[in-house]
Amino acid sequence: MKRTAILILLIELLAVAAGNFLCLKTIHTPVDNSYRVEIKRLVDQLERHETVDMEQYPHVGRVSPFDASEQPVGRYEVVEADGKLYCIEYETDKDYGALVYMNIGFGMMLLLTIFPFLYINYKIVRPFAAMEKMTEDLAKGHLTTPLKEEKSRVFGRFLWGLDMLREQLEESRERERAYQKERKTLMLSLSHDIKTPLSAIELYEKALSTGLYDTPEKQEAAYAGIHKNAEELHRYIDEITAASREDFLALTINMDEYYLEDVISEIRDYYKEKFTTLHTEFHIGERSNPLLRGDANRLTEVLQNLLENAIKYGDGREVRVWFSEEEDAQLIHVNNSGIAPPEEEMVHLFDSFYRGSNVGEKPGSGLGLYISRELMRRMDGELYATAEGGFTAVAVVRKA
């Protein structure tokens, strides 16, 4: 664009120079013969030996006897009067009007050329340059720098829309990052949760194979437990399948109302046999039966995670579940005997992939407490830990 403008301006300037040159050449040509009339009158006056009044001859500059050795500077004419030769120097009228009009025309043409180019450069070329930079940044993934506002009626809204597109792409990328992080967390969570029913099935299988259940009633109960945990495994597998289809975000908390005893009875029935097999004392304290708000299944998962941690990281002597209440919340305390993590580590226990220094060589991903706290928070609750009597995790559940 700039090269084209410069080329056009150069052509116009050459045209101006050529026009002025040709016009100046034609100016030296007399526009009329008034000077000849004055010379004829002057010659007649000289032949009559009259005194010459030069003011009567505006075109005549000087009258002198002709001297061949002198060369007049301007225009002159040699005439004979009364037998003598005279040199009459004269001037002709020059018409500069055409030159003036021509240059005015050329000036207007230059302005008509310059101003449109300046307007196009300011209103079109410059915004296009900004858009070119923006598209390059978008292609490279540089989405944080906003596009400068443009007041041009031609591109103002277009650039505004392009900047809106940049913001949406940036938000989309942030959502994608969060999406991938949540997807990874979910997959790890499901993998972690699968271990609970799987270990229960293994426990039932061991008990049956060693003859621990020696009555038909106990064997029937063990088979029922295996069936129940197998169904739970199927549910987790379905969730993993849904997550692999990238629609796992549909697996949200199902907020509802339920009674505390609905969850505690399920936990008691499941873990009573397990702790008996592990020779660990398991106590569930006295409690009321308030109406709670949240997802009963998710709260069950949280308590299962806490109890599995108690089994894995406790000293194996005792695990207690006890209860307290606040005005708008039910607190469920899960305590295991043993050595709690150091005080400076307590604040990090609920971070993803964090494992305390007291875990030793025991396997784990460092996600159990993190996932449990996230579930509680999504139910408008909370989960925290204290070093009270060993290690105590406290789930805060909202009352209905």
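Residues numbered from 1 in each chain as written. Predicted model: local features only at pLDDT ≥ 70, side-chain atom pairs only at ≥ 80, totals over all residues. Heavy atoms only, no water.

## Considerations on the packing of aromatic side chains
- Tallied over the full model, the rule gives 3 aromatic pairs.
- Note on Tyr271 and Phe275: the rings are 5.8 Å apart at their centroids and 40 degrees apart in plane angle, and the pair reads as tilted. You can see Tyr271 and its partner Phe275 sitting in helix α6 (residues 260–277), 4 residues apart, about one turn around the helix.
- With 4.5 Å between their ring centres and 15 degrees between their planes, Phe275 and Phe282 make a pair best called stacked.
- What links up through ring pairs into an aromatic cluster is the set Tyr270, Tyr271, Phe275 and Phe282. (Phe/Tyr/Trp six-rings, centres within 6.5 Å; stacked < 30°, edge-to-face > 60°. Helix = DSSP H or I, 4+ residues; strand = E, 2+ residues; numbered from the N terminus.)

## Considerations on the confidence of the model for the protein
- Averaged over the protein, the pLDDT score is 78; the fraction of residues at 70 or greater is 78%.
- With pLDDT under 50 throughout, residues 246–251 is counted as low confidence; its partners more than four residues away or in other chains account for 14 contacts. (pLDDT = per-residue confidence, 0-100. Contact = heavy atoms within 4.5 Å.)

## What about empty space enclosed by the protein?
- Evaluation of the coordinates by the stated rule reveals 3 cavities of 30 Å³ or more.
- By volume, the second largest cavity is sized at about 70 Å³.
- Contributing elements (two or more residues each) for the lining of the second largest cavity: α4 (156–209) and α6.
- No other element matches α6, which puts 4 residues into the lining of the second largest cavity.
- Along the lines of polarity and charge, the residues of the lining of the second largest cavity split into 5 nonpolar, 1 polar and 2 charged. (1 Å grid on protein atoms, 1.4 Å probe; cavity = no way out; pocket = protein on both sides within 12 Å on 5 of 7 lines; lining within 4 Å. Points joined across faces, edges and corners; volume = space filled by probe spheres on them. Nonpolar A, V, L, I, M, F, W, Y, C, P; charged D, E, K, R; others polar.)

## A closer look at the sheet that holds strand β10 (residues 391–398)
- Strand order in the open sheet made by the 5 strands is β5-β7-β8-β10-β9, with mixed pairing throughout. Every other strand in the sheet has two partners, leaving β5 (281–284) and β9 (382–386) as the edge strands with one partner each. On average, each strand axis in the sheet is tilted by 15 degrees relative to the strand beside it, whichever way the strands run.
- With 7 bridges connecting them, strand β7 (residues 318–325) and strand β8 (residues 329–336) associate as antiparallel partners. Looking at β8, one finds that Glu325 is bridged to Gln330.
- Each of β5, β7 and β8 touches α6; the most contacted strand, β5, lies at about 170 degrees to it. (Pairing = 2+ DSSP bridges. Axes fitted to C-alpha atoms, helices over the stretch in contact; angles between N-to-C directions.)

## Notes on unusual backbone geometry
- You will see that His49, though not glycine, has its phi angle at about 55 degrees, which is positive.
- Relative to the helices and strands, His49 resides in the loop between α2 (34–47) and β1 (60–65).
- Assessed through its relative accessible area of 61%, His49 is described here as exposed.
- In this structure, Asp380 is a non-glycine residue whose phi angle is positive, near 65 degrees.
- Looking at where Asp380 falls in the secondary structure, it is placed in the loop between α9 (368–378) and β9. (Buried < 20%, exposed > 50% of the residue type's maximum accessible area, 1.4 Å probe, protein only.)

## A closer look at the environment of Tyr271
- Under the relative-accessibility criterion, Tyr271 is labelled buried at 0%.
- Separated by 71 residues in sequence, Tyr271 and Ala200 place their C-alpha atoms 9.2 Å apart.

## A short note on helix α7 (residues 296–313)
- Compared with an ideal rise of 1.5 Å per residue, which puts 18 residues at 26 Å, α7 spans 26 Å between its outermost C-alpha atoms and is within 8% of the ideal.
- Counting buried positions along α7 gives 13 out of 18 residues, so the element sits mostly inside the fold.
- Among the residues of α7, the N-terminal cap falls to Asp295, whose side-chain oxygen and the backbone nitrogen of Asn297 are separated by 3.0 Å. (Expected span 1.5 Å × (residues − 1). Polar contact = N/O pair within 3.5 Å; in protein donor to acceptor, adjacent residues only side chain to side chain.)

## Topic: the sheet that holds strand β3 (residues 84–90)
- If you trace the 3 strands from one edge of the open sheet to the other, you get β1-β3-β2, paired in antiparallel fashion. Looking along the sheet, the strands with just one partner apiece sit at the ends: β1 and β2 (75–81). On average, each strand axis in the sheet is inclined to that of its neighbour by 25 degrees, with strand direction left out of account.
- In the sheet, β2 pairs with β3 via 7 bridges, with the strands oriented antiparallel. The residue bridging Ala81 from the neighbouring strand is Lys84, located in β3.
- Against the sheet, α2 contacts β1, β2 and β3, and its axis sits at roughly 35 degrees relative to β2.

## Let's talk about the packing of α6 against α7
- α7 packs onto α6 with a crossing angle of 30 degrees between their chain directions and a minimal axis gap of 10 Å. With respect to their mutual orientation, α6 and α7 come out roughly parallel. When you trace α6 past α7, the crossing you get is right-handed. Every residue of α7 that contacts α6 at Val263, Ile264, Glu266, Ile267, Tyr271, Lys274 and Phe275 is listed here: Ala296, Leu299, Thr300, Leu303, Gln304, Leu307, Glu308 and Ile311.
- Per-class residue counts for the contact of α6 with α7 are 10 nonpolar, 2 polar and 3 charged. (Parallel < 35°, antiparallel > 145°, perpendicular 65-115°, else oblique. Left-handed = near helix turned anticlockwise from the far one by under 90°.)

## Some thoughts on the side chain of Ser337
- Looking at the secondary structure, you find Ser337 in the loop between β8 and α8 (343–346).
- Other than its neighbours up to four places away in sequence, Ser337 contacts Gly314, Asp315, Arg317, Glu318 and Gly389.

## As for the side chain of Lys274
- Mapping Lys274 onto the fold places it in helix α6.
- On the basis of relative accessible area, Lys274 is assigned to the buried category, the value being 7%.
- Those residues in contact with Lys274 that sit more than four places away from it in its chain are Ser199, Leu203, Glu308 and Ile311.

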